Amino acid sequence: MKLFDLTDRVAVVTGSNSGIGFGIALALAEAGATVIITGRCTNKNEEALAFFKKRGHRAMTVELDVACEKSCQNVIEATVRKFGSINILVNNAGINLRKKPEAYHFDEWRKIIDVNLSGAFSCCRAAYPYMTESGGGKIINIGSMLSIFGMPLSVPYAASKGGIVQMGRSLAAAWANNNIQVNTILPGWINTKMTIKTRDQIQGLHEKVLDRTPAGRWGETKDLAGASIFLASSASDFITGAVLPVDGGFSISG
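### Section: the nonpolar core
Argument step 1. The biggest cluster of nonpolar side chains holds 36 residues, and the ones touching the most others in it are Ile-36, Ile-86, Leu-89 and Ile-139.
Argument step 2. Top element by residues in this core is helix α4 (residues 106–133). It accounts for 10 residues.
Argument step 3. Residue contacts for Ile-86: discarding those within four places in its chain leaves Val-10, Val-12, Ile-76, Thr-79, Val-80, Ala-127, Tyr-130, Met-131 and Ser-134.
Argument step 4. The next biggest cluster of nonpolar side chains, apart from the first, holds 31 residues, and it includes Ala-25, Leu-26, Ile-37 and Val-246.

### Topic: the packing of α4 against helix α5 (residues 155–175)
Argument step 1. One way to put it is that α4 packs onto α5 with a least axis distance of 8 Å and a crossing angle of 15°. In terms of orientation, α4 lies roughly parallel with respect to α5. The way α4 lies across α5 gives a crossing that is right-handed. Seen from α4, the contacting residues are Trp-109, Ile-112, Ile-113, Asn-116, Leu-117, Ala-120, Phe-121, Cys-124, Arg-125 and Tyr-128; seen from α5, they are Val-155, Pro-156, Tyr-157, Ala-159, Ser-160, Lys-161, Gly-163, Ile-164, Met-167, Leu-171 and Trp-175.

### Remarks on unusual backbone geometry
Argument step 1. For Asp-8, which is not glycine, the phi dihedral falls at a positive 75°.
Argument step 2. With respect to the element layout, Asp-8 can be found in the segment before β1 (10–13).
Argument step 3. The phi torsion at Asn-179 lies on the positive side, around 60°, for a residue other than glycine.
Argument step 4. Inspection of the secondary structure assignment puts Asn-179 in the loop between α5 and β6 (180–187).

### Remarks on the pairing of strand β4 (residues 88–91)
Argument step 1. Residues of β4 alternate between two faces, with Ile-88 and Val-90 on one and Leu-89 and Asn-91 on the opposite face, all of them buried.
Argument step 2. Pairing geometry for β1 and β4, over 3 bridges, is parallel. Across the sheet, residue Ala-11 finds its bridge partner in β4, namely Ile-88.
Argument step 3. Where β4 and strand β5 (residues 137–142) come together, 4 bridges link them in parallel fashion. Within β5, the residue paired with Asn-91 across the bridge is Asn-141.

### So, helix α8 (residues 225–232)
Argument step 1. For α8, the full list of buried residues reads Ala-227, Ser-228, Ile-229, Leu-231 and Ala-232.
Argument step 2. Looking at the packing, one finds that the buried side of α8 touches α1 (19–30), β4, β5, β6 and β7 (243–246).

### Considering the sheet that holds β6
Argument step 1. If you trace the 7 strands from one edge of the open sheet to the other, you get β3-β2-β1-β4-β5-β6-β7, paired in parallel fashion. Of all the strands in the sheet, the pair left with one neighbour each is β3 (59–63) and β7. Between one strand axis and the next, the sheet turns through 20° on average, direction left out of account.
Argument step 2. Each of β2 (34–39) and β3 is contacted by helix α2 (residues 42–54), which is oriented at about 175° to β3, the strand it contacts most.
Argument step 3. Of the strands in this sheet, β4, β5 and β6 are in contact with α4, which crosses β4 at around 175°.

### Let's talk about a nonpolar patch on the surface
Argument step 1. On the surface, Phe-106, Trp-109 and Val-155 cluster together to form a nonpolar patch covering roughly 280 Å² of accessible area.
Argument step 2. According to the relative accessible area criterion, Trp-109 is partly exposed, its value standing at 31%.

### A short note on empty space enclosed by the protein
Argument step 1. Following the criterion strictly, the structure yields 1 cavity of 30 Å³ or more and no others.
Argument step 2. There is about 50 Å³ of room inside the largest cavity.
Argument step 3. Per-element accounting of the lining of the largest cavity gives the leading share, 4 residues, to α4.
Argument step 4. Looking at the lining of the largest cavity, its residues break down into 6 nonpolar, 5 polar and 1 charged.

Basis of the calculations
- Residues numbered from 1 in each chain as written.
- Predicted model: local features only at pLDDT ≥ 70, side-chain atom pairs only at ≥ 80, totals over all residues.
- Heavy atoms only, no water.
- Core = buried A, V, L, I, M, F, W, Y, C linked by side-chain atoms within 4.5 Å.
- Buried < 20%, exposed > 50% of the residue type's maximum accessible area, 1.4 Å probe, protein only.
- Helix = DSSP H or I, 4+ residues; strand = E, 2+ residues; numbered from the N terminus.
- Contact = heavy atoms within 4.5 Å.
- Axes fitted to C-alpha atoms, helices over the stretch in contact; angles between N-to-C directions.
- Parallel < 35°, antiparallel > 145°, perpendicular 65-115°, else oblique.
- Left-handed = near helix turned anticlockwise from the far one by under 90°.
- Pairing = 2+ DSSP bridges.
- Patch = residues over 30% accessible without salt bridge, like charges linked within 9 Å, V, L, I, M, F, W, Y side chains within 5 Å.
- Areas by Shrake-Rupley, 256 points an atom, 1.4 Å probe, with all protein chains shown as cover.
- Salt bridge = Lys/Arg side-chain N within 4 Å of Asp/Glu carboxyl O.
- 1 Å grid on protein atoms, 1.4 Å probe; cavity = no way out; pocket = protein on both sides within 12 Å on 5 of 7 lines; lining within 4 Å.
- Points joined across faces, edges and corners; volume = space filled by probe spheres on them.
- Nonpolar A, V, L, I, M, F, W, Y, C, P; charged D, E, K, R; others polar.

So, in structure tokens, the structure goes:
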């Protein structure tokens, strides 16, 4: 048995037409998985799909708005209709809005929680019966450094990502008897369009991240590949409810 081989596995990755989600989807595909690329923007989905197809990967794209429970159900059902099963679910889709806590409107709070936390739960719940029917599965939730640290301008985002960790632990306990492993990755400061924009907004952030990160650099999306493949493969069959920082040591630096 090849521990890290994902051949014949089918993976849905939410928010995978760019950024961290795209990098994780590509890593799973290169390990042999069939990947379902999802996102709200059809054009970006198709561009990502073309990239995968050009590399010879087996892939499909489905439009997905994780804030809509029916949309979450639809992407899982479309996957099962096309490929017969879903073995891996990566809950990556997320949004953020930086403001002082007192400046948020409640609809802004609700939208961030709905996308980042409730959306992940909707996808998990939709995948559960199909994973159970096929004998098990792997769920990987993408948290954040703000799952463990606070940030004054990202209160709802931090709340949602803290919730992702506890949701993952609770689902791991609930579904262990179904042979479904649920684990969480906490990316550190990774170079994406979102974090580059953050660097522009917060003066000195780039230098602060470098000073605190023992690895001495920002991460790249490819740095999440190994952890994602490990948690999606049979190599992690006895690991569930775990929280894995992939941060160059940022979270252990004093």
